[in-house]
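Below, each chain spelled out in residue letters.
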Amino acid sequence: MLGMAAAVLFFIAFLINAADIGTNDVFSSTNVMLLGLTALALHLAGIGAHRTGHTSGRRPWSRS
């Protein structure tokens with residue numbers, strides 16, 4: 001999930017930079033890119049990953 005958020009943030013940073021959109025200091029393309037890098041780093045660290053509630057290695061429908 002965070003990987004997709006990082007991709008969206010990178011795309012927004014690209015649009016801000018490519019279109020020369022004048023934004024305030026908070027939403028500059030560099031700051032948006034750094035937010036994307038933070039989201040990507042969290043994604044690669046495993047934070048926000050989808051985890052199932054199964055603790056055993058067995059499938060819930062198998063009887064063996």
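To keep things clear, this report deals only with the structure shown in the data block.

Calculation notes
- Residues numbered from 1 in each chain as written.
- Predicted model: local features only at pLDDT ≥ 70, side-chain atom pairs only at ≥ 80, totals over all residues.
- Heavy atoms only, no water.
- Helix = DSSP H or I, 4+ residues; strand = E, 2+ residues; numbered from the N terminus.
- Buried < 20%, exposed > 50% of the residue type's maximum accessible area, 1.4 Å probe, protein only.
- Axes fitted to C-alpha atoms, helices over the stretch in contact; angles between N-to-C directions.
- Parallel < 35°, antiparallel > 145°, perpendicular 65-115°, else oblique.
- Left-handed = near helix turned anticlockwise from the far one by under 90°.
- Contact = heavy atoms within 4.5 Å.
- Nonpolar A, V, L, I, M, F, W, Y, C, P; charged D, E, K, R; others polar.
- Expected span 1.5 Å × (residues − 1).
- Patch = residues over 30% accessible without salt bridge, like charges linked within 9 Å, V, L, I, M, F, W, Y side chains within 5 Å.
- Areas by Shrake-Rupley, 256 points an atom, 1.4 Å probe, with all protein chains shown as cover.
- Salt bridge = Lys/Arg side-chain N within 4 Å of Asp/Glu carboxyl O.
- Arc of directions from axis to C-beta.

**Description of the environment of V8**
1) Next: Tracing the sequence through the fold places V8 in helix α1 (residues 2-18).
2) Next: Note on V8: relative accessible area 48%, which makes it partly exposed.
3) Next: Along the backbone, V8 and M33 are 25 residues apart, and their C-alpha atoms lie at a distance of 9.9 Å.

**Details of the packing of α1 against helix α2 (residues 29-45)**
1) Next: Direction vectors running N to C along α1 and α2 enclose 165 degrees, while the axes themselves pass 8 Å from each other. Comparing their axes, α2 and α1 come out roughly antiparallel. Note that α1 runs across α2; the crossing there is left-handed. Contacts from L2, G3, A6, L9, F10, I12, A13, I16 and N17 of α1 reach α2 at S29, V32, M33, L35, G36, L37, A39, L40, L42 and H43.
2) Next: Of the residues contributing to the contact of α1 with α2, the split by class is 14 nonpolar, five polar and no charged.

**Side note on α1**
1) Next: Between its terminal C-alpha atoms α1 stretches 24 Å, which fits the 24 Å expected from 17 residues at 1.5 Å a residue.
2) Next: Close packing links the buried residues of α1 with α2.

**Things to note about a nonpolar patch on the surface**
1) Next: A contiguous nonpolar patch, built from F11, F14 and L15 and spanning about 320 Å² of accessible area, is present on the exposed surface.
2) Next: By secondary structure assignment, the location of F14 is in helix α1.
3) Next: You can call F14 exposed: its relative accessible area is 52%.

**As for α2**
A turn of α-helix holds 3.6 residues, and therefore any two residues three or four places apart point the same way.
1) Next: Over its 17 residues, α2 runs 24 Å from end to end, which matches the ideal 24 Å to within 8%, given 1.5 Å per residue.
2) Next: Every buried residue belonging to α2 is among S29, V32, G36 and A39, and all of these are buried. Buried residues along α2 cover an arc of 90 degrees about the axis, so they all sit on one side. Opposite the packed face of α2, turned more than 90 degrees from it, sit the exposed residues L44 and A45.
3) Next: Contacts from the buried residues of α2 go to α1.
4) Next: Following α2 by one or two positions, G46 has its phi on the positive side, about 95 degrees.

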